[in-house]
Amino acid sequence: MLRVGRAVSCVACKNLVSKNMGVRFRMPLQKLHPLSRAIHHRYNASANAQRPPHCSAARHFTSMSRLPMRPPKPPPGGHGGWRYQQHRNFWMLRLASRLLKLRYIVLGSAVGGGYTAKKTYEEWKDMLPDMSAYNWVIPDFVWELSDQIDLDKLTKILPELEEIAKLLPELPDFDKIGENFTFLKSILSTGVSVGSEGASGLRLLLEAPGDTPVKAATEAPVTATPEASDKQFKKSSDKEKVDQLQEELLRTQMKYQRMLERLEKENKDLRKVVLQKDEKGIHQRKIKKSLIDMYSEVLDILSDFDSNYNTQDHLPRVVVVGDQSAGKTSVLEMIAQARIFPRGSGEMMTRSPVKVTLSEGPHHVAMFKDSSREFDLGKEEDLAALRHEIELRMRKSVKEGQTVSPETISLSVKGPGIQRMVLVDLPGVISTVTAGMAADTKETIFSISKNYMQNPNAIILCIQDGSVDAERSIVTDLVSQMDPQGKRTIFVLTKVDLAEKNLASPNRIQQIVEGKLFPMKALGYFAVVTGKGSAGESIDSIKDYEEDFFQNSRLLRDGMLKAHQVTTKNLSLAVSDCFWKMVRESVEQQADAFKASRFNLETEWKNNYPRLRELDRNELFEKAKNEILDEVISLSQVTPKHWEAILQKKLWERVSTHVIENIYLPAAQTMNSGTFNTTVDIKLKQWTDKQLPHKALEVAWETLQEEFARFMAEYKGKDQDDIFDKLKEAVKDESIKRHKWNERAMDSLRVIQHNALEDRSITDKPQWDAAIQFMEETLQARLKDTDSVINDMVGPDWKQRWMSWKNRSPEQHTRNETRNELERLLKLHEDHTAYLANDEVTTVRKNLEGRGVEVDPALIKDTWHQLYRRHFLQKALQHCNLCRRGFYYYQRHFVDSELECNDVVLFWRIQRMLLITANTLRQQLTNTEVRRLEKNVKEVLEDFGEDNERKVHLITGRRVQLAEDLKKVREIQEKLEAFIEALHKEK
């Protein structure tokens with residue numbers, strides 16, 4: 001048994017050791033060879049796992065196996081040589097075992113690297129564009145031929161063919177063919193295998209655009225010399241073969257074009273079905289906007305944003321420019337696949353920029369940015385309504401006296417198969433201002449076009465009419481100024497069918513699309529046909545006409561135009577690709593610019609308005625709206641007593657002059673009781689029928705205004721923001737202007753006032769005393785006013801002259817002498833009538849002339865009027881004091897001339913009418929007019945809330961503008977970040 005320190009006593013362990021080791025060891029473990037010790041420890045590990053847990057040997061072996069292992073030193077003498085040789089052999093075995101482990105590492109690395117390389121190759125292969133859609137360009141026999149070509153042999157004979165081509169100078173342009181052979185050899189020598197891969201490589205070569213060897217061989221001109229007639233005959237036969245091949249190629253092209261159209265239609269229908277299924281799930285999940293819609297929203301916000309921090313709108317959009325009637329709108333309609341724009345023969349139809357956001361959707365519909373109505377572009381009545389709406393919006397945006405407007409109309413169009421992009425259709429550039437246009441129309445159009453084209457990321461879609469002389473073009477010069485290098489310009493030649501028919505030299509069209517005729521550069525050149533010129537043509541008929549024209553046109557057959565340069569479909573694909581490329585390159589830079597602008601605005605707000613919330617104009621308007629409505633509601637809290645007191649006071653101030661001058665004084669000066677009552681009744685009836693109700697309603701309406709203004713002023717003192725002052729004043733004025741008193745209330749008020757004035761019965765002594773007090777106050781106020789008038793007429797008295805150093809004017813001196821003379825007359829005749837007789841006037845004038853005072857009779861009468869008025873009012877006050885004890889006689893109808901108090905009864909009637917009128921007006925105010933005023937205020941606020949121009953005018957200041965800019969910048973930045981995130985997910 002194995003002995004290490006102590007013997008193994010466990011029977012199970014003894015059997016296990018014997019079984020696993022297969023040998024008995026009597027020596028200590030430290031004296032074993034290192035390799036043997038390693039093997040021993042490995043078996044110990046497995047043995048310990050199989051020993052019972054009660055065995056002490058297991059614990060002993062486990063502890064011993066953890067001892068450090070080191071190779072033994074060779075003995076100093078010669079007796080240990082065999083042991084040293086054995087030790088070295090074990091070390092070689094150990095090294096071999098380590099090397100065996102290394103091969104697994106190398107093998108695993110090779111397998112993993114090969115799998116990674118294969119995966120990378122598959123990814124690159126998937127990134128290559130799918131060219132299978134263009135296989136129809138090459139006839140079928142070419143593919144059959146390519147499958148039978150031995151590419152290895154072809155690679156070997158290419159140098160010999162190249163040398164032969166150089167030795168035959170009489171053949172046409174073989175230097176170019178030699179270059180193409182060299183190019184073909186370089187492609188074939190890159191490791192393309194024979195068989196299916198070789199055929200696919202040849203197919204890619206044949207599909208490549210440009211001057212490929214096949215194209216060069218077919219397009220090279222063949223010239224014959226008189227010295228080789230047999231060769232000339234051979235070449236003529238070759239030319240016939242080439243013509244036959246071209247005809248077969250065109251037939252094959254048309255065949256596969258029809259197949260491609262059929263497949264595209266099926267694909268379009270399938271996509272429509274898929275989109276409809278997705279649309280049904282919109283109601284079950286959160287609505288997710290498309291990428292192009294998110295981008296269009298950012299552009300809409302930027303169009304209204306006026307930044308003061310030099311953060312300009314440099315986001316890409318496709319700007320469609322061209323001369324008037326060049327076909328801009330028709331090209332845009334072909335891209336949108338609907339006749340959506342108003343049309344006219346020769347007149348300017350596009351009067352303002354129209355931003356059209358194109359996107360894919362299940363239904364072909366259009367919608368304005370500020371409207372929820374969808375126009376079904378598949379229905380002719382909706383198309384007509386859409387064109388009419390666009391025309392109305394254009395005319396509405398044009399200010400009076402102008403022809404065009406810079407205001408943008410935003411429209412979105414969705415439909416199956418529509419390429420996603422944002423286009424802006426601008427008014428056509430004109431050379432001459434015609435009758436009916438504003439004088440600055442030409443300059444305005446240039447300014448609008450430059451404003452859009454100066455954006456360094458804008459894609460300029462330059463539309464040129466192909467049916468007119470190129471020398472008449474104006475837009476090309478404008479585009480070349482804005483984009484001299486042509487890095488963002490796409491040139492489109494329209495009406496190519498008319499150009500081919502009218503031009504004697506078709507090479508001129510080739511010069512245009514190759515960029516050799518106009519002094520401008522472009523990324524690409526396209527030729528399109530947008531119909532036959534009829535306004536009733538449908539988009540499908542225009543597409544069919546365009547495809548038929550180019551399939552039969554010699555421009556494409558003779559190689560003057562390439563297949564990818566024609567049709568609006570290819571144009572739409574190219575513009576969309578260019579648009580999204582520009583968006584991906586510039587959108588993050590624009591987002592960073594707005595982030596910096598936001599930081600500047602927030603810093604300014606913190607420094608200037610640290611304790612105020614950032615409320616924009618709309619939020620401030622809502623706050624002011626609530627305050628104004630609270631002030632209107634406060635009117636209902638006014639007590640009835642307060643309303644009646646104010647109304648009675650204001651009404652008497654308004655009618656007191658008429659009552660005294662036109663009713664009381666004329667009646668009282670008759671000096672007859674019966675005549676007094678008759679005169680009073682007649683005049684009161686006339687006054688009630690004509691003036692009194694109107695005066696009462698005017699007083700009530702003014703009182704309501706004053707109370708409304710008072711509440712607003714009191715509310716203003718309660719920490720109200722003075723930024724709302726202009727808005728509140730405008731709301732108050734507009735509400736009062738719109739408010740109209742109910743006419744039925746006037747009729748009922750007239751009846752109430754008439755009944756009140758008809759009553760003459762004073763029932764108790766307090767009413768009598770109140771009437772006497774009212775009369776005294778009224779007469780004293782009038783007497784005071786009369787004294788003031790007389791003092792102004794005669795000038796300062798002696799006390800004022802001495803104390804205040806004032807003097808009388810000559811006119812005042814004359815009036816003073818006249819007054820003295822007339823006062824002596826009144827003292828002699830206290831019961832004098834209100835008017836002077838002519839002989840009395842003459843007597844007064846002669847007396848004054850005797851004292852050296854020249855006076856005019858009119859001045860005498862005017863002075864007498866005021867003096868008699870004062871004299872009469874004084875007597876009336878005395879009579880009023882006498883009537884204090886006259887209620888007893890009035891109640892018993894005693895007739896006593898001294899105590900006939902008819903004037904007291906008149907003032908009681910007036911006072912009672914004032915009380916009843918004030919009560920009636922108060923009821924109408926609290927029950928009806930205050931609510932109507934509140935309703936008017938709400939309507940005015942709603943109208944103001946929808947009128948942005950009025951809000952800008954009424955809520956102004958740097959604080960408001962700064963909050964507006966902050967809101968816009970934050971919104972733009974958030975939408976840009978959301979768009980960028982969605983854009984990265986789409987990649």
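Residues numbered from 1 in each chain as written. Predicted model: local features only at pLDDT ≥ 70, side-chain atom pairs only at ≥ 80, totals over all residues. Heavy atoms only, no water.

Regarding the pairing of strand β5 (residues 365-368)
- Judged from the two bridges that link them, β5 and strand β6 (residues 375-376) form a sheet pairing that is antiparallel. Looking across to β6, one finds that A366 is bridged to F375.
- In this antiparallel pair of consecutive strands, β5 and β6, the connection spans six residues. (Pairing = 2+ DSSP bridges. Helix = DSSP H or I, 4+ residues; strand = E, 2+ residues; numbered from the N terminus.)

Considering the pattern of salt bridges
- What the rule picks out here adds up to 48 salt bridges.
- Taking the shortest distance from any N to any O, the salt bridge between E706 and K650 comes out at 3.2 Å. Linking E706 in helix α24 (residues 692-716) with K650 in helix α22 (residues 640-668), this pair joins segments that are 56 residues apart in sequence.
- Of the residues examined, E706 reaches a relative accessible area of 42% and is grouped as partly exposed.
- Given the relative accessible area of 17%, K650 is considered buried.
- Put simply, E934 and K938 hold a salt bridge, and the shortest N to O gap is 3.8 Å. A residue pair is termed a helical-turn pair when its members lie 3 or 4 positions apart in one helix, as E934 and K938 do in helix α33 (residues 902-946) at four residues.
- For K938, a relative accessible area of 40% translates into the label partly exposed. (Salt bridge = Lys/Arg side-chain N within 4 Å of Asp/Glu carboxyl O. Buried < 20%, exposed > 50% of the residue type's maximum accessible area, 1.4 Å probe, protein only.)

Here we look at the nonpolar core
- Counting 99 residues, the largest nonpolar core has Y664, W687, W768, I910 and V937 as the members making the most contacts within it.
- Here this core takes 17 residues from α33, the largest share from any one element. (Core = buried A, V, L, I, M, F, W, Y, C linked by side-chain atoms within 4.5 Å.)

Some details on the environment of G886
- Assignment of secondary structure puts G886 in the loop between α31 (857-882) and α32 (887-891).
- Linking G886 and C901, residues 15 residues apart in sequence, is a C-alpha distance of 7.3 Å.

A closer look at the confidence of the model for the protein
- Confidence along the protein averages 75 in pLDDT terms, with 69% of residues attaining 70 or more.
- For the protein, the element scoring lowest by mean pLDDT is helix α8 (residues 196-207), at 35; strand β3 (residues 318-322) scores highest, at 92.
- Here residues 139-148 is modelled with pLDDT under 50, and outside its nearest four sequence neighbours on either side it reaches 13 contacts, counting other chains as well.
- Throughout residues 176-181 the model reports pLDDT below 50, and contacts reaching past four residues in sequence, or to other chains, amount to nine contacts. (pLDDT = per-residue confidence, 0-100. Contact = heavy atoms within 4.5 Å.)

Describing the sheet that holds strand β8 (residues 421-425)
- The mixed open sheet is built from nine strands, whose spatial order is β6-β5-β7-β4-β8-β3-β9-β10-β11. Single-partner strands in this sheet number two, and they are β6 and β11 (524-527).
- Where strand β10 (residues 489-494) lies against β11, four bridges are found, and the strand directions are parallel. Bridge assignment links F491 to a residue of β11, and that residue is Y525.

Notes on the packing of aromatic side chains
- All chains considered together, the criterion is met by 15 aromatic pairs.
- Aromatic side chains W580 and F979 sit 6.5 Å apart centroid to centroid with 25 degrees between the ring planes, which places their arrangement in the stacked category. Separated by 399 residues along the polypeptide, W580 in helix α20 (residues 568-608) and F979 in helix α35 (residues 958-986) bring together distant segments of the chain.
- A relative accessible area of 5% places W580 in the buried class.
- We classify F979 as buried; its relative accessible area is 0%.
- Their ring planes at 55 degrees and their centres at 6.3 Å tell us that Y664 and F872 sit as a pair that is tilted. Here Y664, found in helix α22, pairs with F872, found in helix α31; they are 208 residues apart in sequence, far enough to count as distant. The residues Y664 and F872 share a single accessibility class, namely buried.
- Ring-pair connections join several aromatic residues into one group, and the members of that group are W652, Y664, F774, W864, Y868, F872 and F907. (Phe/Tyr/Trp six-rings, centres within 6.5 Å; stacked < 30°, edge-to-face > 60°.)

Some points on the state of the cysteines
- Scanning the entire structure with this criterion turns up one disulfide.
- Paired by a disulfide, C883 and C901 hold their sulfur atoms 2.0 Å apart. On the sign convention where negative is left-handed, the bridge of C883 and C901, at about -105 degrees about the S-S bond, is left-handed. You can see C883 sitting in the loop between α31 and α32 and its partner C901 sitting in the loop between α32 and α33, a full 18 residues away along the chain.
- Among the residues examined, C901 registers a relative accessible area of 7% and is labelled buried.
- C883 supplies the cysteine sulfur nearest to C880, a cysteine that is in no disulfide, at a spacing of 6.6 Å. (Disulfide = S-S within 2.5 Å.)

A look at helix α11 (residues 291-303)
- Spanning 13 residues, α11 covers 19 Å between terminal C-alpha atoms, matching the ideal 18 Å at 1.5 Å per step.
- Among the 13 residues that make up α11, eleven are buried, leaving the element largely enclosed by the rest of the structure.
- Turning to α11, its buried residues number three or more, namely L291, I292, D293, M294, Y295, S296, V298, L299, D300, I301 and L302.
- Lining the buried residues of α11 we find β4 (354-360), β7 (409-415), β8, α20 and α35. (Expected span 1.5 Å × (residues − 1).)

Quick look at the packing of helix α14 (residues 441-453) against helix α15 (residues 475-482)
- Running from amino to carboxyl end, α14 crosses α15 at an angle of 40 degrees, the nearest separation of the two axes being 10 Å. Crossing geometry of α14 relative to α15 is assigned as right-handed. Here α14 contributes F446, S449, K450 and M453 to the contact with α15, which in turn contributes L478, V479, Q481 and M482.
- Among the residues forming the contact of α14 with α15, the class breakdown is five nonpolar, two polar and one charged. (Axes fitted to C-alpha atoms, helices over the stretch in contact; angles between N-to-C directions. Left-handed = near helix turned anticlockwise from the far one by under 90°. Nonpolar A, V, L, I, M, F, W, Y, C, P; charged D, E, K, R; others polar.)

A short note on unusual backbone geometry
- Notably, K495 is not glycine yet its phi reads approximately 55 degrees, a positive angle.
- Position of K495 relative to the elements: it lies in the loop between β10 and α16 (496-502).
- Judged by its relative accessible area of 23%, K495 falls in the partly exposed class.
- At T567, a position not held by glycine, the phi torsion is positive, near 75 degrees.
- Locating T567 in the fold gives a position in the loop between α19 (554-557) and α20.

Topic: the packing of helix α27 (residues 765-794) against α31
- Between α27 and α31, whose axes approach to 9 Å, the crossing angle comes to 155 degrees. Here α27 is positioned roughly antiparallel relative to α31, judged by the angle of their axes. Where α27 crosses over α31, the handedness of that crossing is left-handed. Contact residues: α27 offers I772, M775, E776, L779, Q780, R782, L783, T786, D787, V789, I790 and M793, while α31 offers D862, T863, Q866, L867, R869, R870, L873, Q874, A876, L877, C880 and N881.
- Among the residues making up the contact of α27 with α31, the classes are represented as twelve nonpolar, six polar and six charged. (Parallel < 35°, antiparallel > 145°, perpendicular 65-115°, else oblique.)

Here's the deal with the pairing of β8
- When you tally the buried positions in β8, you get five out of five residues, the bulk of the element.
- Side chains of β8 alternate between two faces, with M421, L423 and D425 and V422 and V424 buried alike.
- Bridge count for β3 against β8 is three bridges, and the pairing is parallel. Within β8, the residue paired with V318 across the bridge is L423.
- Alignment of β4 against β8, held across five bridges, turns out to be antiparallel. From the neighbouring strand, T357 faces β8, where its bridge partner is V422.

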